[in-house]
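Okay, here's what each chain looks like letter by letter:
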Amino acid sequence: MGLVFLYNYSDLDDKEIVSKIINKPYNEEAAAYLIYNRYDPLLHKLYRGVFGKDSSWYEDCLGDLFDFLKGKDRDWNKLRTFEWRSKFGAWLSRTARNRFIEIKPYLIGKIINPISIDDTDGDKTPVQLPDKGGEEYERIQKKILLMEAIGQLKDPDQKFVILKRLQGYNSKEIAELMKKSWAKHGIRKYDNKGNIVIPTPGYVDVRNHKAKENLKEIIVKLYK
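Below is a short write-up of the structure. (Residues numbered from 1 in each chain as written. Predicted model: local features only at pLDDT ≥ 70, side-chain atom pairs only at ≥ 80, totals over all residues. Heavy atoms only, no water.)

**A closer look at the overall build of the chain**
Helix and strand counts for the chain come out as ten helices and zero strands. Taken from N to C terminus, the helices and strands of the chain fall in the order α-α-α-α-α-α-α-α-α-α. Buried residues in the chain amount to 40% of all 224 residues. Within the chain, contacts between residues separated by at least 24 positions form 65% of all contacts whose residues are at least 6 apart in sequence. (Helix = DSSP H or I, 4+ residues; strand = E, 2+ residues; numbered from the N terminus. Buried < 20%, exposed > 50% of the residue type's maximum accessible area, 1.4 Å probe, protein only. Contact = heavy atoms within 4.5 Å.)

So, in C-alpha cells, the structure goes:
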C-alpha cells in the first residue's frame, strides 16, 4: 500500500515485531508494518477468498483488522495472548479470515451517509437525512451525537477522513480527494524529517485510526 515507516522492521522477525507492539509504549507503526506490509500479500489472498475479485473493501478490512487486534482497551491483548505454538502467519491467517467473514455483511450493506465538507465529491450524489419519520428516534439521536463529536475533532484531516468514510469512500478515493482539497486551499505538510507529506491510502488509514480513538473519547464526554 505504499506506507513509509520511520523504523526499518524488515530485519526483525515476527516475534520481535509483536514484542514492540505489545510492550509499552505500544508501537502502532510496528503493527501497521505487519498488516500493511509484511502480511499484505497473504491478507489480500484471504480477502479475495471471502469477497471475490472486488477489491473495494480491502482497505476497510485491513483497517478493521488493525482496530480488532488493538482491542477496545487499546492494549493489543489479542496479540499479547498469542502463545507462539504455531507460526504467527498461520494464526493471523485464521484470525483475519474469520474477521473478514464477520464484517462482510456490514461492509457490503452499509448505509451511505452523504455529509460533505468540500466540493470535491465528484459523482457521489448527496441524499439528505429525513427531517422526520423513516428512522427510529434512537438512531437519529445517535447520528446527531456522532455528527456533534465529529465537529469537535481538532485535526482537519481526521474530520475530512471520517466524513468521507461516512459517504462511502475508500482510502484510495479519500487520498485523491484530500490531494485536491490541499491543493485548493494551498495546504503543505511536512513529516518530522522535513519531507513533504503526500496523501496516500496509508496516510488516510492512520488518520482514520486516530480519528476513531478521538471520537470515542469525545462521545464519552458528550454522554456525561
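Here the narrative resumes.
**Quick word on the layout of surface pockets**
Taken as a whole, the largest pocket spans an internal volume of roughly 1200 Å³. Along the wall of the largest pocket there are 30 residues; nearest its centre are Asp-64, Asp-67, Leu-107, Asn-208 and Lys-212. No other element matches helix H10 (residues 201–223), which puts eight residues into the lining of the largest pocket. (1 Å grid on protein atoms, 1.4 Å probe; cavity = no way out; pocket = protein on both sides within 12 Å on 5 of 7 lines; lining within 4 Å. Points joined across faces, edges and corners; volume = space filled by probe spheres on them.)

**Details of the packing of aromatic side chains**
Enumeration over the complete set of coordinates arrives at 15 aromatic pairs. Arranged with centres 4.9 Å apart and planes meeting at 55 degrees, the rings of Tyr-7 and Tyr-9 form a pair that is tilted. Classification of Tyr-9 by relative accessible area gives buried; the value is 2%. With centroids separated by 5.2 Å and ring planes inclined at 85 degrees, the aromatic side chains of Phe-66 and Trp-76 adopt a geometry described as edge-to-face. Residue Phe-66 is located in helix H4 (residues 58–70), and its partner Trp-76 is located in the loop between H4 and helix H5 (77–80); the two are separated by ten residues in the primary sequence. The two residues Phe-66 and Trp-76 agree in class, both being buried. Ring-pair connections join several aromatic residues into one group, and the members of that group are Tyr-39, Phe-82, Trp-84, Phe-88 and Trp-91. Lying over the aromatic face of Phe-68, Lys-78 brings its terminal NZ or CZ to 4.4 Å of the ring centre. The ring of Phe-51 has Lys-104 sitting right over it, with the charged end atom 5.7 Å from the ring centre. (Phe/Tyr/Trp six-rings, centres within 6.5 Å; stacked < 30°, edge-to-face > 60°. Lys NZ or Arg CZ within 6 Å of the ring centre and 35° of its normal.)

**Re unusual backbone geometry**
A cis amide bond links Lys-24 to the next residue, Pro-25, at an omega of -5 degrees. One non-glycine residue, Arg-74, lies in the positive phi region at around 60 degrees. Under the relative-accessibility criterion, Arg-74 is labelled partly exposed at 24%. Positive phi values are uncommon outside glycine, yet Trp-84 reaches one of about 60 degrees.

**Notes on the pattern of salt bridges**
All told, the structure shown has 15 salt bridges when counted by the stated rule. One salt bridge connects Lys-70 with Glu-28, and the closest N-O pair in it is separated by 2.4 Å. Of the two residues, Lys-70 is situated in helix H4 and Glu-28 in helix H2 (residues 28–38); the sequence distance between them amounts to 42 residues. Here Glu-83 and Arg-85 are joined by a salt bridge, their closest N and O atoms 2.9 Å apart. Judged by relative accessible area, Arg-85 falls into the exposed class, the value being 75%. (Salt bridge = Lys/Arg side-chain N within 4 Å of Asp/Glu carboxyl O.)

**Describing the side chain of Arg-99**
Within the fold, Arg-99 resides in helix H6 (residues 88–108). Using a relative accessible area of 16% as the deciding quantity, one classes Arg-99 as buried. Excluding its chain neighbours within four sequence positions, the residues that come into contact with Arg-99 are Asp-64 and Phe-68.

**Brief notes about empty space enclosed by the protein**
By the definition in use, this model includes one cavity of 30 Å³ or more. Computed from the structure, the largest cavity encloses a volume of approximately 50 Å³. In this structure, the largest cavity is lined by Ile-21, Ala-31, Leu-34, Ile-35, Leu-69, Trp-76, Leu-79, Phe-88 and Leu-92. With three residues, H2 is the largest single contributor of residues to the lining of the largest cavity. A class-by-class count of the residues in the lining of the largest cavity yields nine nonpolar, no polar and no charged. (Nonpolar A, V, L, I, M, F, W, Y, C, P; charged D, E, K, R; others polar.)

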